[in-house]
Amino acid sequence: MNTEDTPAMAEAGQDDSALRCLDGRVTLLWRVAMLIRTVVLTAIVLGAQGVLDPPVPTALIPTVVAALGIATVLFLPQARFRSWGYQVRADDLFVRRGVLWRIASVIPHTRIQHVDTRRGPLERWLGLSSIVVYTAGIRGADVTIPGLARADAELLRDHLAALGGGGDAV
Amino acid sequence: MQSCCATTWPLSVGAAMPSEPHSLHPLTLVFSAISVGRSFLLPAIFGGFSAGGGDIGRMFAWGLAFLSVPALLYATAKYATFRYRIDDDELILDSGVLSRRRRVIPLARVQNIDTHQSALQRLTGVAELRVETAGGDRTEAVLEVLALRDAEALQAELLTGRRVALGTAETATDRLAIDGDETLAQRLAHLRPADLVLAGATANEAGLIAAVLAAAIQMLEQLPIRLPEPNFPAIPELTTPMILLAVLGLILFFILLGWFVSIVGAVIGYHDFTLTKADGELRKDYGLLARRHATIPIERVQAMRVEESLLRRPFRLASLKLATAGAAPGERRRTSAQVFLPLARLPHVAPLTAAVFPDFDYAALTFSPVHPRARRRAFIRYAVPVLLAAAALAYFVNTNALWLAVLTPAMYGAAHLHYRHLGYALAPGYVIARAGFWNRITWIVPDNKIQTVHLTQTPLQRRHRLATLVVDTAAGGTFKAAEVVDLGRADGTSLLTTVAQRAIRARKAG
């Protein structure tokens, strides 16, 4: 049976081997994005420190921030990649993700309103795409599957749109 | 109306079916003027005076006064050019002075139609009509102001037109209650002043009101109003216990004040609360100063909440709320749900829920508890902040704060109470989730309104092998979705599949 050690969250009736992964290049995407964020955040902290002048050694806070940032760049993308999985099933779309905060979502095909593809600048550079599945819900309103190869994203989008058929009115 | 529909579409009292363009009531000009006055002239007066009557102050004041003239002219032109009519399954609004705008609202998309009267509007016999469509949180159309009879007639025409557009059967009983003729509608509930006093007295929001009042009085002190300095005789040194007493006394005062305001607010705001149901629509009429009439098509209801606050549970009272897609913004709401009935006695909750969900039996529900480890998780979530706060206060303020740590065992009691009020139930066609100690909320979600289902785990939940099931609906606003918190992980995963299957198999949502 599933134990705490398995990286995936056990899903009754959901065969983990049937889950599709994201494209491997997405880890590079995440690394670059996190690196940029770390640099910006450290710069902001340095700036704020210069203005506010808190009673701690000057190097302390920026070093901590930078160290945490570097740690996420090194370790987070791989863990996140492993945690992502999706499957288009007979009646619904199953998506699961999350390293610390885990979430598994089921979106019935009949509830899909429309499906968008989205490509940010980094994604375009790597030849990747995200798809965004829109429902009428609030909490799970848009489920985004990132890091798909462009062709796969288009195929998935068309597949879901065909299954969804415009979705039910509310 | 001399058409063939004459026998099935009884005329509303006093107004013809508006197929020719209609204008707003002339009193619109008065209300526009009042609104302009509020926006321009009041600040002008205040600005002029508070700036000490100097040159800048006067320029500011006169500037604003001048601006009010074109604003008034614009409002007059807007009134003169505004036209509305119903044509062929659509409500058409034409407005605009320089750029003409035509807004067409298909009647089938209409969701909420409310008439709203401020105190002054009630005195003068006019009302505002607000129309809302699905998929929007804003009001699509505001007709401000119409004669009350015209407003009610238009409301009725829109509703019957909507039913026809949707293809639902209509009979002679389709006519909504107008002018007090309620024999054809089914009266669900009516609240007397005594009930409203009880509602206000037991409302959890009393605490919130107290906090708001306290903040408001704080803000008053910031205003540049100079009060005469009172001449106090020499005050003896205040000792710490006295200060503590004074603070406690002040807190008590605000709580009592908030409680009082809550009661008065309920008695006035929900005065003569009447709930009726007529052929697929729920209708609320309430209010003393501003009389409100809200209509909710039942098929737009996404979920229902039965709320039993701590104060109400011993008296076996509850309050009922509805989550609709695109709830009416004209409603004064402190939460994001539309009030269905502010106060209900527990035995009446079952028939009331049955009025909205005919095949649902609240009384027959048996709740399953969540996993006992939920207690452990709740204990950690409560105890850790207390201990951290005690430590921080002890370090930065006063070591005596460490005594706060004695609260920790009490946190276990709190965790146990939290656990006892968690639960879920699966009824035919409905998913029910319950949670909360201070305010026990029972969600009732029809299967066909379920949009998506999620199973979430925080790191702490993973540690305890727990999970939370989130049932998402289209209910608008800052609504929390229905959640079953802290299920055992195995239960959670099987429930995820079960609820998703129910949503898939349910008849078309709509």
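As shown above, the structure is provided for reference.
Note that this is a predicted model, so its numbers are computed, not measured.

What follows is about the pairing of strand E12 (residues 317-324) of chain B. Residue and element names in this part refer to chain B. When you tally the buried positions in E12, you get eight out of eight residues, the bulk of the element. Here E12 shows a buried face lined by Leu317, Ser319, Lys321 and Ala323 and a second buried face lined by Ala318, Leu320, Leu322 and Thr324. As paired elements, strand E11 (residues 301-309) and E12 share six bridges and run antiparallel to each other. Its bridge partner lying in E12, valine 306 is registered against leucine 320. Here E12 pairs with strand E13 (residues 338-345) via five bridges, running antiparallel. Within the sheet, the bridge partner assigned to leucine 317 lies in E13 and is arginine 345.

With that settled, consider the pairing of E11(B). Residue and element names in this part refer to chain B. Burial of E11 is extensive: nine of the nine residues sit out of reach of the surface. Of the strand pairs in this sheet, E11 and strand E16 (residues 439-446) are connected by six bridges, and their pairing is antiparallel. Bridging from a neighbouring strand, glutamate 308 pairs with arginine 440 of E16.

Moving on, we come to the sheet that holds strand E1 (residues 83-86) of chain B. All names here are of chain B. Taken in spatial order, the three strands make up an open sheet running E1-E2-E3, and their pairing is antiparallel. At either margin of the open sheet sits one strand with a lone partner, and together these are E1 and strand E3 (101-106). The mean angle between the axes of side-by-side strands here comes to 15°, regardless of whether they run parallel or antiparallel. Note that E1 and strand E2 (residues 90-95) share four bridges and pair antiparallel. Along E2, the bridge assignment pairs arginine 83 with aspartate 94.

Scoring rules and cut-offs
Each residue is numbered by its place in its chain's sequence as written, counting from 1. Ligands are numbered from 1 and chains lettered from A, in the order in which they are written. Note on the predicted model: pLDDT of at least 70 is required for a residue's local features to be given, and 80 or more for side-chain atom pairs to be given and counted; whole-chain, interface and lining totals, by contrast, use all residues. Heavy atoms throughout the structure, all of them, feed into the side-chain values; hydrogens and water do not. The buried label applies to any residue whose accessible area, calculated with a 1.4 Å probe on protein chains only, is under 20% of its type's maximum; exposed applies above 50%, and partly exposed to all values in between. Numbering goes from the N terminus for both helices and strands, where a helix is a DSSP run of H or I of at least four residues and a strand is a run of E of at least two. Paired strands are those between which DSSP finds at least two bridges. For helices, the fitted axis covers only the stretch in contact; all axes are lines through C-alpha atoms, and the angles between them, taken along N-to-C directions, range from 0 to 180 degrees.

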